[in-house]
Structure formats: structure tokens, C-alpha cells
Amino acid sequence: MLPAEVLKQIRAVQLKAGHLVTDALAGNYLSAFKGRGMEFDEVREYVPGDDVRSIDWNVTARMGAPYIKVLREERELTLMLMVDVSPSLAAGGGTRTRSEVAAELAAVLAFLAIRNNDKVGLLVFSDHVEQFIPPKKGRAHVWRIIREVLTHKGRGSSTDIGAALDAALRYVPRRSLCFLISDFWAQGFERAVKAAAQRHDLVAVRVDDPREHQLPAVGLVTLQDSESGELIVVDTSDQRLRADYAKAAAARERDLTSVFRREGIDQFAVTADGSVTTPLVKFLREREKRRRR
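Everything numeric in this text was worked out from a predicted model, so none of it was measured.

Participant: Can you lay out the sheet that holds strand S4 (residues 119–125) for me, pointing to particular residues and giving the numbers?
Facilitator: Read across the sheet, six strands follow the order S5-S4-S3-S6-S7-S10 without closing on themselves; strand pairing throughout is mixed. If you trace the sheet from one side to the other, it starts and ends with strand S5 (129–136) and strand S10 (266–271), each paired once. Taken over all neighbouring pairs, the strand axes of this sheet differ in orientation by 15 degrees on average, direction set aside. Sheet topology places strand S7 (residues 201–208) next to S10; six bridges connect them, and they run parallel. Note that in S10 the partner of Ala204 across the bridge is Gln267. In this fold helix H4 (residues 98–115) packs onto strand S3 (78–84), S4, strand S6 (177–182), S7 and S10, with an angle of close to 175 degrees to the strand it touches most, S3.

Below, the structure written as C-alpha cells:
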């Protein structure tokens, strides 16, 4: 049995996520992602005007007359939520930690999936894959996913995004919509990103902390690396130090954006002190506009 406080938190996230998934948001999701693939429906006899490239030569040979393959838009998606639970996600600059923000976003996306009759699965990772829940439909399944995201205690000491993406290729053979939710404090995952993007529709969601961009001037502070445990004392009143810090943060963001753009991967960010639906709606609308072009 889960503690009463944890159950209360789960119910709160479920209620909030369900409330946030309005008809408008569900429509944005539908427009942004549905119909991205085609699946086989039937074969029928060729009639003048049909595209000859659709001829099924095996059936044609058996029947002694030309037949074509009829394809239809895929009516459902498989949504994979890939959620980082490494120690750095436990930090946050607002009223919530980044892990709580990641869980709320995952809950909203899961409710969007079942609202549109899609399957949804979960892959939880740190420096290794800690849990995998195969994609299924149903509200009870979504509640299980939300519960696991909220209650899972990460066992890893760092972040290995490459391992998570490699696992997605092994565990999810069919093309799926994969939301990779992480702070991306990791290295060496470019090859895995390229391979995953070739099979799946990969969306990178950076869970951001405003303190990682601007260091406040509050004098001497002790900073700790949440993954290595290393401690360092810095004088935040040093203007040059704050400028170098901001410059390094901007360079890291540019490099990360470049990796995703190079592979044609969509991306957006949510913050520990902000709404998860505002950037999600903006992303969905921008993606829908691109699809219409």
C-alpha cells in the first residue's frame, strides 16, 4: 500500500491533468500528430486512373488481372513517454521540482492519448532503464503510468539518454510517437538520437530550471552537483563569474538545440516555475502549422 500522502498527490495530479486536457488541447494533439502514417487496408481490382505504383504484383500474378493496394491513414498512435528520473531532476527553482513537472507533463500527454483512443507506454530511465511498461489503452492503464511516474524512486547516479533511446528501439519495434522528457544533462547521445529518429517520431522536451541560465547575486554559496555529489563554493557577487555562467548556459542550450535540429527532431521546454500546458499548446500549434505547409 502507498502512503496516504502519496495517494493524495497521485489523485491531485490525475485530477489536474484530466482538467487540463480540454477539448481544445485534445484537438491540437489530434491535428499535430494524427495521420502521420499509412497502413494497409485491402486490395481491389485496378481501374483506369489508379496510381500504377500501387499495383500489388503478387496478387496481380495470382489473379491474372491487375490489383492495387489500398492504404488508409493510421487511426491510432502509440505514444511512448520516456521520463528521466536521474538525481538532477529532483532539483527545481520554483515551488516544484523538475521531476514533479516531468510527471505532470507525462500525465497530461497520457490523458491526451486515451482521449484520442491511442496506446500509451512508459520508459523510466536514469543511467540505465529502470522500468518499462508496454503501450496499452485504457484509463486504468493511464493511472498506473501516472502512479509509476510519481512514485518511482530513481536508483541511478547519472543520466544516460543513449541507453534509453537504444531501449526504445528494442522494446518498441513499430513506429511510435516518443516524448523524451529530460533535463539533458548528459553526453554522447547523438548517435542514439539519430537512430531513434529514423524509426520513431521523437519529440525532445527539456525540463528547465531558471537558475541554470542566470546566477543570482547572493554572495558566497555552496553548490552541489546533484549527480556526482561534488561541492564547490562560489562568490555569486562576482559579476564576471555570473557572466561566464550565463554564457556557458547559453552555449549548452545552443549545442543541444543543434543536435535535435540536425536530426529533424521537434523540441520544446517546460520550466519548474511555469505551466506545462502553455508551452505544450504552443508546440502543438506550431507543429500543426508546419504539417499544413
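So much for the structure itself; the text now carries on.
Participant: I'd love a proper account of the packing of helix H6 (residues 161–171) against helix H7 (residues 190–199), names of residues and values included.
Facilitator: When two helices pack together, you describe them by how their axes are tilted relative to each other and by the distance separating the axes. Two elements in contact, H6 and H7, have axes separated by 9 Å at closest approach and are oriented at 25 degrees. When the interaxial angle is binned, H6 and H7 end up roughly parallel. The way H6 lies across H7 gives a crossing that is left-handed. Residues Gly162, Leu165, Asp166 and Leu169 of H6 lie in contact with H7, whose contacting residues are Arg191, Ala192, Val193, Ala195, Ala196 and Arg199. Here the contact of H6 with H7 is built from residues that sort into six nonpolar, one polar and three charged.

Participant: Tell me about the environment of Asp127, residues and numbers included.
Facilitator: Here Asp127 shows up in the loop between S4 and S5. A relative accessible area of 26% means that Asp127 is categorised as partly exposed. Taking C-alpha positions, Asp127 is 5.1 Å from Ser158, a pair spaced 31 residues apart along the chain. In terms of polar contacts, Asp127 uses its side chain to reach the side chain of Ser126, at 3.4 Å. In this structure the side chain of Asp127 is engaged in a polar contact, spanning 2.7 Å, whose partner is the side chain of His128.

Participant: So, the nonpolar core: which residues are in play, and what are the values?
Facilitator: Counting 47 residues, the largest nonpolar core has Phe33, Leu81, Leu109, Phe179, Ile181 and Leu280 as its most contacted members. It is H4 that provides the largest number of residues to this core, a total of 13 residues. Look past the residues within four positions of Phe179 in its chain and what remains in contact with it is Phe33, Leu79, Met80, Leu81, Met82, Leu109, Val203, Val205, Phe268 and Phe283. Listed in part, the 24 residues of the second largest apolar core include Ile161, Ala186, Val193 and Ala196.

Participant: Run through the pairing of S4, naming residues and quoting values.
Facilitator: Within S4, six of the seven residues are buried, leaving the element largely enclosed by the surrounding structure. Bridge analysis of S4 against S5 gives five bridges, and the strand direction is antiparallel. By the bridge assignment, Phe125 is partnered in S5 with Val129. Adjacent in sequence and paired antiparallel, S4 and S5 are bridged by three residues.

The rules behind each value
Note on numbering: residues in each chain are counted from 1, in written sequence order. Local features in a predicted model are, by the rule used here, given only for residues with pLDDT of at least 70; side-chain atom pairs are given and counted only at 80 or more, and totals for whole chains, interfaces and linings are based on all residues. The side-chain values count all of the structure's non-hydrogen atoms but skip hydrogen atoms and water molecules. Strand pairing is assigned whenever DSSP detects at least two bridges linking the two strands. In this description a helix means any DSSP run of H or I spanning at least four residues, a strand means any run of E spanning at least two, and both kinds are numbered starting from the N terminus. Throughout, an axis means a line fitted to C-alpha atoms (over the contacting stretch in the case of helices), and angles, computed between N-to-C directions, take values from 0 to 180 degrees. The contact criterion used throughout is that any non-hydrogen atoms of two residues lie within 4.5 Å. Here the angle decides the label: under 35 degrees means roughly parallel, over 145 means roughly antiparallel, 65 to 115 means roughly perpendicular, and every other value means oblique. A clockwise turn of the near helix away from the far one marks a right-handed crossing, whereas an anticlockwise turn of less than a right angle marks a left-handed crossing. Classes in brief: Ala, Val, Leu, Ile, Met, Phe, Trp, Tyr, Cys and Pro nonpolar; Asp, Glu, Lys and Arg charged; the others, Gly included, polar. Type-normalised accessible area, obtained with a 1.4 Å probe on protein chains alone, sets the label of each residue: buried when under 20%, exposed when over 50%, and partly exposed for intermediate values. Polar contact is the term for a pair of N or O atoms within 3.5 Å; when the atoms are in protein, one must be able to donate a hydrogen and the other to accept it, and sequence-neighboring residues count only if both atoms are side-chain atoms. Here, the term nonpolar core denotes a set of buried Ala, Val, Leu, Ile, Met, Phe, Trp, Tyr and Cys residues that are joined through side-chain atoms within 4.5 Å.

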